[in-house]
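As a plain string of letters, each chain reads:
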Amino acid sequence: MAKVVKFGGSSLADANQFRKVAEIIRSDRERRYVVPSAPGKRFSEDTKVTDMLYRCYEAVGKGKNATAEFLPIAERFNGIIGDLGLTINLDHEYDIIAENFRKRAGKDYAASRGEYLNGIILANYLGFQFVDAAKCIYFTASGEFDADLTDACLASVLEGYAEAVIPGFYGAKPDGTIQTFSRGGSDFTGSVVAKAINADLYENWTDVSGFLAADPHIVDNPEIIEYITYKELRELSYMGAGVLHQDAIFPVRTAKIPINIRNTNVPDAKGTMIVPEAPENADNKIITGIAGKKHFSVISIEKDEMNSEVGFLRRILTVLDNEGMGFEHIPTGIDTMSLVVSTEELEAHPDAVKYINQVCRPNHIEVINDLALVAIVGRGMKEKKGTATRIFAALSHANINIKMIDQGSSELNIIVGIHEKDFEKAVQVIYDMFMLSE
Ligand code: ASP
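Residues numbered from 1 in each chain as written. Predicted model: local features only at pLDDT ≥ 70, side-chain atom pairs only at ≥ 80, totals over all residues. Heavy atoms only, no water.

K.L.:
Quick question: what am I supposed to make of the overall build of the protein here?
P.N.:
When helices and strands are counted, the protein shows 14 helices and 15 strands. Taking 2.2 N^0.38 as the reference for a compact globule, 438 residues should give roughly 22 Å; the C-alpha atoms of the protein span a radius of gyration of 24 Å, in line with that estimate. Projected onto its principal axes, the C-alpha coordinates of the protein cover approximately 75 × 50 × 40 Å. The buried share of the protein, reckoned over its 438 residues, is 52%. For the protein, the proportion of contacts with a sequence separation of at least 24, taken over those separated by at least 6, is 75%. For the protein, the accessible area works out to roughly 20,100 Å², and carbon and sulfur atoms hold 47% of it. In the protein, which carries 46 positive and 62 negative side-chain charges, the distance between the mean positions of the two groups comes to 2 Å. (Helix = DSSP H or I, 4+ residues; strand = E, 2+ residues; numbered from the N terminus. Rg over C-alpha atoms; globule rule 2.2 N^0.38 Å. Buried < 20%, exposed > 50% of the residue type's maximum accessible area, 1.4 Å probe, protein only. Contact = heavy atoms within 4.5 Å. Areas by Shrake-Rupley, 256 points an atom, 1.4 Å probe, with all protein chains shown as cover. Lys, Arg positive; Asp, Glu negative; His and termini not counted. Charge placed at Lys NZ, Arg CZ, Asp CG, Glu CD.)

K.L.:
Would you explain the pattern of salt bridges in this entry?
P.N.:
A pair can form between side chains of opposite charge whenever their charged atoms are brought close. In total, this model carries 20 salt bridges according to the counting rule given. Its salt-bridge partner being Lys3, residue Glu30 comes within 3.8 Å of it at the nearest N-O pair. In this pair, Glu30 is assigned in the loop between helix H1 (15-26) and strand S2 (31-36) and Lys3 in strand S1 (residues 3-7), connecting sequence segments 27 residues apart. Assessed through its relative accessible area of 14%, Lys3 is described here as buried. Asp151 is paired through a salt bridge with Lys195; the nearest N and O atoms lie 3.3 Å apart. (Salt bridge = Lys/Arg side-chain N within 4 Å of Asp/Glu carboxyl O.)

K.L.:
Can you walk me through the packing of aromatic side chains in this structure?
P.N.:
For any pair of aromatic rings, geometry is given as the distance between the ring centres together with the angle between the planes. Tallying each qualifying case throughout the model produces 12 aromatic pairs. On the numbers, 6.1 Å between centres and 85° between planes, the contact of Phe70 with Phe101 is edge-to-face. Linking Phe70 in helix H3 (residues 66-83) with Phe101 in helix H4 (residues 91-102), this pair joins segments that are 31 residues apart in sequence. Pairwise contacts between aromatic rings join Tyr57, Phe70, Tyr94, Phe101 and Tyr109 into one cluster. Across from the ring centre of Tyr57, 3.8 Å away, lies the NZ or CZ of Arg104, which sits over that ring. In this structure, Arg113 is placed above the aromatic ring of Tyr170, and the distance from its NZ or CZ to the ring centre is 5.3 Å. (Phe/Tyr/Trp six-rings, centres within 6.5 Å; stacked < 30°, edge-to-face > 60°. Lys NZ or Arg CZ within 6 Å of the ring centre and 35° of its normal.)

K.L.:
Sorry, what's going on with the environment of Ile261 here?
P.N.:
As for its placement among the helices and strands, Ile261 is situated in strand S9 (residues 259-263). As a C-alpha pair, Ile261 and Asn399 span 138 residues in sequence and 37 Å in three-dimensional space.

K.L.:
What is the right way to read the sheet that holds S9 from this model?
P.N.:
Strands pair in a sheet through their backbones, by hydrogen bonds, and they do so in one of two ways: parallel or antiparallel. The 8 strands are arranged S3-S4-S2-S1-S7-S9-S10-S8 in an open sheet whose pairing can be described as mixed. Whereas interior strands pair on both sides, the edge strands pair on one side only; in this sheet they are strand S3 (129-130) and strand S8 (227-229). In this structure, S1 lies alongside strand S7 (residues 201-206), joined through 5 bridges in parallel fashion. Along S7, the bridge assignment pairs Val4 with Tyr202. (Pairing = 2+ DSSP bridges.)

K.L.:
Honestly, the pairing of strand S11 (residues 289-302) in this entry has me stumped. Any pointers?
P.N.:
For a regular strand, the rule is simple: side chains alternate between the two faces of the sheet. Taking burial as the measure, the 14 residues of S11 include 10 buried ones, the bulk of the element. Two strands pair when backbone bridges link them, and S11 and strand S13 (residues 364-377) are joined in this way by 11 bridges, in the antiparallel orientation. By the bridge assignment, Ala291 is partnered in S13 with Ala375. Where S11 lies against strand S12 (residues 336-342), 7 bridges are found, and the strand directions are antiparallel. In the strand pairing of S12, Ile299 is matched with Leu339.

K.L.:
I keep staring at a negative patch on the surface and nothing clicks. Help me out?
P.N.:
There is a patch of like negative charges on the surface, built from Glu302, Asp304, Glu305 and Glu366. Relative to the helices and strands, Glu305 resides in the loop between S11 and helix H10 (312-323). (Patch = residues over 30% accessible without salt bridge, like charges linked within 9 Å, V, L, I, M, F, W, Y side chains within 5 Å.)

What follows is the structure, encoded as structure tokens:
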């Protein structure tokens, strides 16, 4: 039996956090493969080591002295080493890094050193083997994550060690150049390691006691979700709910390995289980969570007899394709079609509406801005009558006008488009309608 345990930056921000992490790992012998982030913030105004590294690399690029610029970063690591009473000395590593900064080894190389150094320290503290991610996590020459090569390589390397620390966030291209995943990418590394060793569980330790049913900046003290399926999580994180990197479920999903979100500071809390299917007795809530985002626009298109005009949608999609422009939803009426896009995307393609007009010749086309989307997600809404009614009732009582409605055929979510000014209120009233009454 083996568990992969990933610890986020706040869980490893200083020696005290390291002690908690070691206690968690030592309390369960199945916690054998550990994926650390770089040290995060110790207090709210603090700077994450990853950000310090980006800045340091930039400063060296502008002619500053690499060794001097790297000193505050070295001091953070030395502080942890000293406070833990370890005897390792990383001066040689710091010299190599400063030298590589001088040689302009790349921004990704720079950022990855936080995880690399933290991994060495954690492995030393735990007495585990350190396995450099550059030797077993791979990208292709063009920079795509190479899942097959990584899987095979990680599996064979880790087979040789009963316990190991594999730093998160980075890997290497075939020529050895270091490349990172996007920010927060250690979550992805954890998932990749869990898949490679076919772990029984991937524990993701952070500083919250699980996935919340709504944004705590909007809803006071929202419930912690006990079970969430991969699909529900995907919908919620796509719509802005944080905690886990949005790609982190993909590697473990194919292998059906559950992810358990846990809190390093409250280790006894059960956290949230992310599972392929929720167990029968999980909970019978209709809604699992609510998430949403602002800054969307709608390109609203009207044309007489649009519904019988073959190829109408294809022509619109061809314009988007040619422009390289993504879209979010396309709710349609009989002779109307709404193209929901992020406002940012629309601004990046200012001629898109003109081209759509040219190829579709509609009676009317207009752009409506300031739209917010709210996604109400829950496996419990499938074949349950009245869910939409309750959402609309909640919004109507709050005097919120609904501009768009979209429900996927999987009946896993209902998305409503409203004016941005109503966003927070909408999330609150929908939360109250479902969470407080069940
Ligand atoms: N340290 C990296 C970041 O700050 C990666 C991670 O923490 O997952 O984004």
